[in-house]
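So you can see what is in the structure, the chains are spelled out below.
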Amino acid sequence: MKTFSEFLQIRAAVLRKRGGPLKIESLQMEGPREDEVLVRVAASGICRTDIEFVDDWDESEAPVVLGHEGAGVVEAVGKKVKKIRAGDHVVLSCQSCGRCGPCRSGRPTACTRFWEANFGFARLDGSNALERSGVRGHFFGQSSFATHALATERNLVKVAADLPLEVLAPLGCGVQTGAGTVMNSLKVTAGSSIAIFGTGSVGLAAVMAARIVGADPVIAVDVKRKRLELALEFGATHNILNRRANIPSRIAKMTGGGVDYVLEITGSPEMYQVAVEILNPHGIVATFAGGSATGALPGGRKEISIIQGDAVPQRFIPELIKLYREGRFPFDRLVKFYDFAAINRAMADSRKGRTVKPVLRMK
Ligand SMILES: [Zn+2]
Ligand SMILES: [Zn+2]
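Residues numbered from 1 in each chain as written. Chains lettered and ligands numbered in written order. Predicted model: local features only at pLDDT ≥ 70, side-chain atom pairs only at ≥ 80, totals over all residues.

1. Regarding helix α10 (residues 313-325)
The line we're drawing: Under the scheme used here, helices are H or I runs from DSSP no shorter than 4 residues and strands are E runs no shorter than 2 residues, and both carry numbers assigned from the N terminus. The length a helix should cover is 1.5 Å for every residue beyond the first. Counting other C-beta atoms within 10 Å of a residue's C-beta gives its exposure: the residue is buried at 20 or more, exposed at 12 or fewer, and partly exposed in between, where C-beta atoms are placed from the backbone. It is the directions from the helix axis to the C-beta atoms whose arc is reported.
With 13 residues, α10 ought to run about 18 Å at 1.5 Å a step, and its terminal C-alpha atoms sit 18 Å apart, in line with that. Every buried residue belonging to α10 is among P313, F316, I317, L320 and I321, and all of these are buried. Looking down the long axis of α10, one finds its buried residues gathered within 140° of arc, a one-sided arrangement. When the buried face of α10 is taken as reference, the exposed residues oriented beyond 90 degrees from it are R315, K322 and R325.

This is the structure in structure tokens:
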């Protein structure tokens, strides 16, 4: 068993320059501490948040390793780790402190230290396992654009070993967020109307979830025709190609009024306005920008800001895997695989919308 005094040689994609490219480098990483788990990463999805960090990177800060949709096999565990063992297959998700009120009451996405735990590029005690290489890790408690990651029991989900880890990787953030918004945050019920603005991986996972819960109509809106076709295959009842389309009047025609729920995933202020305009009284618009909910809107309408679809990953990801096995949640169809070395091409394809969900294979 390795202890934290030992270092491992890993390879990781390092961000040193705003806008990229990321460079794969050899780094030295501490082995797991008492409460940590060392994971040999098999695959990692690329999510919009990774790309936003590349684009907004502050070059005056120490370089970082991104990646927060890892999946892999546990190589070693610290001695205080109880539920995870070497050899377990795991999906990595978002990190939380485990000690604050919301964490103790089972709401890790409301953790009072959520920002620090996921975006602090350090452990919660301020230390950093990649310190010796002058690089910062621990992004979402993982930094999975690497051959190895250090996680904890709180952000690991044990999964069955018969499913390919490279398919399961995106469950940890994008897919969980899309499905969780519909099923946990909004608790959409059968017969409710829902519109989904933006049909990337989060939006398409939301479409699949909307069909599972029996929402009707399910209206997908995007600028990309191909994605709208996918949305229809995954259970959207209507779609709107958002070029010159007059969205509010078209939605009014489809529903005979407004909609009960809007997922505004595009981040565009214009689309937010459209969302507010078409909401039914008491309707809810879910936004994804990361915590700027304005609260009350006219007529009992509400905005909520979504973090990870309010999922408890250890409970929700197994539910999604069960639905996947039943053929009701075909999120694997969103995925395209890339070699780790092609990480920059995978990001470029994602930016251009050529790939819905790129997944890197680390081998
Ligand atoms: Zn993400
Ligand atoms: Zn907490």
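2. Some remarks on the domain arrangement of the protein chain
Here is the rule we go by: Throughout the structure description, domain borders are defined by an automatic or database domain assignment. What counts as a contact here is a pair of residues whose C-beta atoms, placed from the backbone, lie within 7 Å. Nonpolar residues are Ala, Val, Leu, Ile, Met, Phe, Trp, Tyr, Cys and Pro. Charged residues are Asp, Glu, Lys and Arg, and all others, Gly as well, are polar.
For the protein chain, the assigned domains read domain 1 (7-172 + 330-361) and domain 2 (175-307). Taken residue by residue, the interface counts 11 residues in domain 1 and nine residues in domain 2. Classifying every residue of the side of domain 1 that touches domain 2 by side-chain character gives six nonpolar, four polar and one charged.

3. A look at the nonpolar core
Where we set the bar: By definition, a nonpolar core groups buried Ala, Val, Leu, Ile, Met, Phe, Trp, Tyr and Cys residues that connect through C-beta atoms lying within 7 Å of each other.
In this structure, V65, A195, A206, V207 and V262 are the most contacted members of the largest nonpolar core, which totals 112 residues. Element by element, the count of residues in this core is highest for helix α6 (residues 201-213), at eight residues. Residues from two domains meet in this core; each of domain 1 (7-172 + 330-361) and domain 2 (175-307) gives at least three. Contacts of V262, omitting those with residues within four sequence positions, involve A195, F197, A275, I278, L279 and V285.

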